Amino acid sequence: MIKQPNFVTPAVFDQVLNLAKPKINSELFSQLSLETKQEKTVGMILHVGSFDDEPASFAKLAQFLDEQGYKRTSKAHKEIYLSDFRKVIEDKRKTILRVSITKK
């Protein structure tokens, strides 16, 4: 997932896809879509660094949620990538880790 600003409407997305199509592998191109996700209550943390280091960020998030009286509703999570992996070195990459939560 890559979060998009509000001005990226389906029409803008389609226009950008047409401009980008010659530059994107056809297999990858067919996987692109613009979706609006309706979430319930979520907990999030900004993770900076390698994917291999995400467990430490999840542990911090779990401790915070516990202290605030919340618990995860599922082991599943979503990742929102804020960095362009082609341009940002691994230890500087930023990802939002998001989990569904509920009151204990």
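Scroll up for the structure.
My aim in this report is to walk through the structure given alongside it, one point at a time.

What counts, and where the lines are drawn
- Numbers given to residues run from 1 along each chain, matching the order in which its sequence is written.
- Local features in a predicted model are, by the rule used here, given only for residues with pLDDT of at least 70; side-chain atom pairs are given and counted only at 80 or more, and totals for whole chains, interfaces and linings are based on all residues.
- The side-chain values count all of the structure's non-hydrogen atoms but skip hydrogen atoms and water molecules.
- Only buried Ala, Val, Leu, Ile, Met, Phe, Trp, Tyr and Cys residues count toward a nonpolar core, and they belong to the same one when joined by side-chain atoms within 4.5 Å.
- Between buried and exposed lies partly exposed: a residue is buried under 20% and exposed over 50% of the maximum accessible area for its type, with that area taken using a 1.4 Å probe on protein chains only.
- Runs of E in the DSSP output that reach at least two residues are strands. Runs of H or I that reach at least four are helices, and both are numbered from the N terminus.
- By definition in these notes, contact holds between two residues if any of their heavy atoms fall within 4.5 Å.
- Aromatic pairs are defined between Phe, Tyr and Trp rings, using the six-membered ring for Trp, whenever the two ring centres lie within 6.5 Å; interplanar angles under 30 degrees are classed as stacked, those over 60 as edge-to-face, and all others as tilted.

Turning next to the nonpolar core. Grouped together as the largest cluster of nonpolar side chains are seven residues: Ile45, Phe58, Leu61, Leu65, Leu97, Val99 and Ile101. Secondary structure elements with two or more residues in this core: α3 (54-67) and β4 (94-103). Sequence-distant contacts of Ile45, defined by excluding residues within four places in its chain, comprise Ser57, Lys60, Leu61, Thr95, Ile96 and Leu97.

On inspection of all chains with the given rule, the structure shows three aromatic pairs. Taken together, a centroid distance of 5.9 Å and an interplanar angle of 70 degrees make the contact between Phe51 and Tyr81 edge-to-face. Of the two residues, Phe51 is situated in the loop between β1 (42-48) and α3 and Tyr81 in strand β3 (residues 78-81); the sequence distance between them amounts to 30 residues. Under the relative-accessibility criterion, Phe51 is labelled partly exposed at 36%. Accessibility expressed as a relative area gives 26% for Tyr81, which makes it partly exposed. Judged by centre distance (5.4 Å) and plane angle (75 degrees), the rings of Tyr81 and Phe85 are edge-to-face. Given a relative accessible area of 28%, Phe85 falls into the partly exposed group. Here the aromatic cluster, defined as three or more aromatic residues joined through ring pairs, consists of Phe51, Tyr81 and Phe85.

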